[in-house]
Amino acid sequence: MASPIDRIPRPTPRIGTELPSHQPRLESIADELDDRPRAVLGFLTPREVFAQLINEDAAKTG
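I will try to describe carefully the structure that is included in this document. Note that the structure is predicted; figures quoted are calculated from it, not measured.

Attention now goes to the pattern of salt bridges. Summed over the entire model, instances satisfying the criterion amount to three salt bridges. Arg 47 is paired through a salt bridge with Asp 31; the nearest N and O atoms lie 3.4 Å apart. Within this pair, whereas Arg 47 is found in helix α2 (residues 46–61), its partner Asp 31 is found in helix α1 (residues 23–34), the two being separated by 16 residues in sequence. For Arg 47, a relative accessible area of 38% gives the class partly exposed. Linking Arg 36 and Glu 32 is a salt bridge whose minimum nitrogen-to-oxygen distance equals 3.1 Å. Taking the relative accessible area as the measure of exposure, Arg 36 reaches 38% and is therefore partly exposed.

This is the structure in structure tokens:
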């Protein structure tokens, strides 16, 4: 049987809700992760690989 504490509704932000006070910190974390070279990507950063994919796609459709 569930304890009474499990029945207390917890306020949770809806999916896609922006948290303006935390947004700058979250963006800095995302930038740090996107600029970190990865062995699985041949020591390129995710940002570099994404840019290559975009450029290849533009060359194919252009």
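With that out of the way, let us pick up the environment of Val 49. As for its position among the elements, Val 49 is in helix α2. Residue Val 49 is classed as buried on the basis of its relative accessible area of 19%. Distance from Val 49 to Asp 34, taken between C-alpha atoms, is 9.9 Å for residues 15 residues apart in sequence. Those residues within four positions of Val 49 in sequence are excluded, and the remaining contacts are Leu 41 and Leu 44.

About the thresholds
- Residues numbered from 1 in each chain as written.
- Predicted model: local features only at pLDDT ≥ 70, side-chain atom pairs only at ≥ 80, totals over all residues.
- Heavy atoms only, no water.
- Salt bridge = Lys/Arg side-chain N within 4 Å of Asp/Glu carboxyl O.
- Helix = DSSP H or I, 4+ residues; strand = E, 2+ residues; numbered from the N terminus.
- Buried < 20%, exposed > 50% of the residue type's maximum accessible area, 1.4 Å probe, protein only.
- Contact = heavy atoms within 4.5 Å.

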